[in-house]
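Structure assessment
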Amino acid sequence: SGATSYQLDESANGGAWTQVQSAAATSKAYTSKTAGSYGYRVRACNAAGCGPNSASVSVQAIYPPTAAPAVSVPASSGNGAYTVSWTAVSGATSYQLDESANGGAWTLVQNAVATSKVYSGKAAGSYSYRARACTMAGCGPTSASVSVTVAPATAPVLSAPANNSTGSYTLSWNAVATATSYPLQERVAGGSWTTIQNTAGTSRAIAGKTSATYEYQVGACNAGGCGPYSTLARVVVALPPPPTPVGLYVEKENEGGWTCSATWNAAATATRYELREGGASVVYNGPSTGYVRTANCTATFAVRACSADGCSAWSAEVAPVLIQLGGLNMNLNAPLELAALSMEVQP
């Protein structure tokens, strides 16, 4: 009562008081005030002077942040443990962190003063993160997103035949969630592992194996690394021995000295042949399909084919054909050979 004007003082951020208005009005409007804390007090005046200052009041001018934080995260994690962190933004009082799992929708996973979030035991997959700085007035722009890939935590289940007699078979395994490749390893039992395939496929055809025990294991990998290998699978390859050779023919002749020779047909998969004489004594063991010696043949002969997978059964016993030129003294037990024989008869 009795006042004709009012003087308004302002203190910015705890600083000195400054008169900002002296007028009959009982209010003052502000727009676009710089962010900060402002104190105000007022006194009533007339021609005789001014009365006492009012108690001071304060107002906080707050704006949403204008900058986005910069988010960082490791590119990969082999065990599902990692930390998402971001830079502080001036004026921010809290930060919101969003997550997207495997390309799905964004979900708010943290709204706090902290500038990081720690994860552990995260399931295999790809996770993206983005953040924004906030105040009481709202939140600023959202940061660019960053991603981390967690390696598969489970192993595929490997399937293989326990036994094989051809050297050709197929290995297969189930797909593992988030895996992009499967390293397949092989070894001869007790040997060193060799990676024979590392693709997105879930099977492998094996061929050309010799008799042995082969062991296999397969893992599941993605950009975050590889999970554990599968339980070992073992394949016992036992190829059959070569077939028994056919066409064994043995002859002996005495033309200035005895000669004994034998020939036979090659047998599939054979790497060597054994020729025996007299039902017991092996007189030849080698890769050839023929045998010659400068000595008489005194008994029947049999041949068998061998490889790393074993030996065939012995052929039937064959008696040698006697050829004695010059005196035309022949004892042929094979008419077909006689028909093919070309000779000169001496008087």
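None of these values were measured; they are calculated from a predicted model.

1. As for the overall build of the protein
Looking only at helices and strands, one finds 1 helix and 33 strands in the protein. Whereas a compact globule of 347 residues would reach a radius of gyration of roughly 20 Å, the protein reaches 49 Å, over 25% beyond that. Over its C-alpha atoms, taken along the principal directions, the protein stretches across nearly 175 × 35 × 25 Å. The buried share of the protein, reckoned over its 347 residues, is 34%. Of the contacts made within the protein by residues no fewer than 6 positions apart, 56% connect residues no fewer than 24 positions apart.

2. Comments concerning the state of the cysteines
All chains considered together, the criterion is met by 5 disulfides. Disulfide pairing is shown between Cys45 and Cys50; the S-S distance is 1.9 Å. On the sign convention where negative means left-handed, the S-S torsion of about 100° between Cys45 and Cys50 marks this disulfide as right-handed. A sulfur-sulfur distance of 1.8 Å marks the disulfide that ties Cys221 to Cys226. Residues Cys221 and Cys226 share a disulfide whose torsion about the S-S bond is about 105°; that sign makes it right-handed. Each bonded cysteine in the protein gets a number by its place in the sequence, and the pairs come out as 1-2, 3-4, 5-6, 7-8, 9-10.

3. Overview of the pattern of salt bridges
Any two side chains of opposite charge can pair if their charged atoms end up close together. Taken as a whole and assessed by the stated rule, the structure comprises 13 salt bridges. With a closest N to O distance of 2.9 Å, Asp9 and Arg41 form a salt bridge. Here Asp9, found in strand 1 (residues 5-12), pairs with Arg41, found in strand 3 (residues 36-46); they are 32 residues apart in sequence, far enough to count as distant. With a closest N to O distance of 2.6 Å, Glu215 and Arg187 form a salt bridge. Remark: Arg187 occurs in strand 18 (residues 182-188) and Glu215 occurs in strand 21 (residues 212-218); sequence separation between them is 28 residues.

4. Observations regarding the sheet that holds strand 21
Spatially, 16-24-21-18-19 is the arrangement adopted by the 5 strands of the open sheet, whose pairing is mixed. What marks the edges here is a single partner per strand, and that holds for strand 16 (163-164) and strand 19 (194-199). Here 5 bridges tie strand 18 to strand 19, and the two strands are oriented antiparallel to one another. Bridged to Glu186 within strand 19 is Thr194.

Conventions we followed
- Residues numbered from 1 in each chain as written.
- Predicted model: local features only at pLDDT ≥ 70, side-chain atom pairs only at ≥ 80, totals over all residues.
- Heavy atoms only, no water.
- Helix = DSSP H or I, 4+ residues; strand = E, 2+ residues; numbered from the N terminus.
- Rg over C-alpha atoms; globule rule 2.2 N^0.38 Å.
- Buried < 20%, exposed > 50% of the residue type's maximum accessible area, 1.4 Å probe, protein only.
- Contact = heavy atoms within 4.5 Å.
- Disulfide = S-S within 2.5 Å.
- Salt bridge = Lys/Arg side-chain N within 4 Å of Asp/Glu carboxyl O.
- Pairing = 2+ DSSP bridges.

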